[in-house]
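# Report on the structure
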Amino acid sequence: MHTIYLELGKKRVFANSVDWPGWSRSARTEDDAIEALLSYEERYRVVADRAGLVFEPGEIRVAEKITGNATTDFGAPALPAVLDSEPWGAAEAAKNAALMRAAWEVFDDVVGVTPEELRKGPRGGGRDRDKMVDHVVNAERAYAAKLDVRIRPAEVAEMRPRLLEVVSRPLDGDDYRWPVRYASRRIIWHVLDHVWEMEDRTER
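Residues numbered from 1 in each chain as written. Predicted model: local features only at pLDDT ≥ 70, side-chain atom pairs only at ≥ 80, totals over all residues. Heavy atoms only, no water.

Scanning the protein from terminus to terminus reveals seven helices and four strands. Shown N-terminal to C-terminal, the secondary structure of the protein runs as helices and strands in the order β-β-β-α-α-β-α-α-α-α-α. Here the protein has a C-alpha radius of gyration of 16 Å; the compact-globule value for 204 residues is 17 Å, and the two agree. Across its three principal axes, the protein shows a C-alpha extent of roughly 45 × 40 × 35 Å. Looking at the protein as a whole, 48% of its 204 residues qualify as buried. Restricting to contacts in the protein with at least 6 residues of sequence separation, those with at least 24 account for 65%. In the structure as shown, the protein presents an accessible area of about 10,200 Å², 50% of it carried by carbon and sulfur atoms. One finds the centroid of the 31 positive side-chain charges in the protein at a distance of 5 Å from the centroid of its 37 negative side-chain charges. (Helix = DSSP H or I, 4+ residues; strand = E, 2+ residues; numbered from the N terminus. Rg over C-alpha atoms; globule rule 2.2 N^0.38 Å. Buried < 20%, exposed > 50% of the residue type's maximum accessible area, 1.4 Å probe, protein only. Contact = heavy atoms within 4.5 Å. Areas by Shrake-Rupley, 256 points an atom, 1.4 Å probe, with all protein chains shown as cover. Lys, Arg positive; Asp, Glu negative; His and termini not counted. Charge placed at Lys NZ, Arg CZ, Asp CG, Glu CD.)

Glancing now at the nonpolar core. Ranked by internal contacts, the top residues of the largest apolar core, which has 60 residues, are Tyr 44, Met 100 and Leu 163. Mapped by element, the contributors of at least two residues to this core are strand E1 (2-8), strand E2 (13-17), helix H1 (30-39), helix H2 (41-50), helix H4 (90-113), helix H5 (129-145), helix H6 (159-167) and helix H7 (180-201). The element contributing the most residues to this core is H4, with 11 residues. Residues from two domains meet in this core; each of domain 1 (2-82) and domain 2 (84-202) gives at least three. Once you skip the residues sitting within four places of it in the chain, Leu 163 turns out to touch Met 100, Trp 104, Ala 144, Leu 147 and Ile 187. (Core = buried A, V, L, I, M, F, W, Y, C linked by side-chain atoms within 4.5 Å. Domains from an automatic or database assignment.)

Our next topic: H1. Restricting attention to buried positions, one finds in H1 the residues Ala 33, Ile 34, Ala 36 and Leu 37. The buried residues of H1 all sit within an arc of 160 degrees when viewed along its axis, so they share a single face. In this structure, H1 carries Asp 31, Glu 35 and Ser 39 as exposed residues pointing more than 90 degrees from its buried face. (Arc of directions from axis to C-beta.)

A few words on the pairing of E2. Side-chain positions along a regular strand alternate between the two faces of the sheet. Burial analysis of E2 places five of its five residues in the buried class, which makes it a mostly covered element. Covered by surrounding structure in E2 are Val 13, Ala 15 and Ser 17 together with Phe 14 and Asn 16, the residues of both alternating faces. In the sheet, E1 pairs with E2 via five bridges, with the strands oriented antiparallel. Within the sheet, the bridge partner assigned to Leu 8 lies in E2 and is Val 13. Here E2 runs beside strand E3 (residues 24-27); their pairing, made up of four bridges, is antiparallel. Paired with Val 13 across the two strands is Ala 27, which belongs to E3. A loop of six residues connects E2 with E3, the two strands running antiparallel in sequence, and Gly 22 in this loop sits at a positive phi of about 95 degrees. (Pairing = 2+ DSSP bridges.)

In structure tokens form, the structure reads like this:
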């Protein structure tokens with residue numbers, strides 16, 4: 001069984017995997033969002049394999065539906081689910097840390113083989129590679145602050161180890177501004193979203 005929740009915006013719906021953080025996709029409707037999620041199964045498998053995890057997601061179970069906001073409609077999974085308040089056990093913490101580390105490794109690998117100039121979108125938009133890398137790093141600094149990890153620009157090299165330290169620590173409740181389960185999901189999703197964007201926008 002593969003547990004997910006749906007985040008319902010006015011214009012966009014996100015299907016977010018609970019069991020496999022970072023595996024989140026969106027579309028206009030609930031059914032289409034789930035279909036989009038499933039269409040990325042093999043792409044996510046690359047990350048699970050890198051993490052050394054057995055990836056057999058199974059049949060979808062929608063555990064929860066929450067109301068999204070403007071960020072949801074803009075294109076990001078914006079809000080924690082109620083289930084994100086559950087205790088953060090040792091096994092889940094270790095799994096999330098392994099997937100976060102693997103996502104960063106895949107991101108670095110893809111950056112290393114991606115040309116600086118990427119194919120533009122249908123309306124000529126989209127960041128090129130180096131600006132995308134800067135965007136991911138700056139977003140992670142903002143996300144890290146939600147877990148009380150505050151990083152100055154000159155300390156970026158310390159960010160990933162400190163985030164892994166927080167995520168890998170079991171908790172029975174926390175006082176962070178974002179629940180650790182949601183923060184892990186959001187961080188991994190953002191990294192992978194740009195991995196897949198770089199792959200899709202690289203000239204073949």
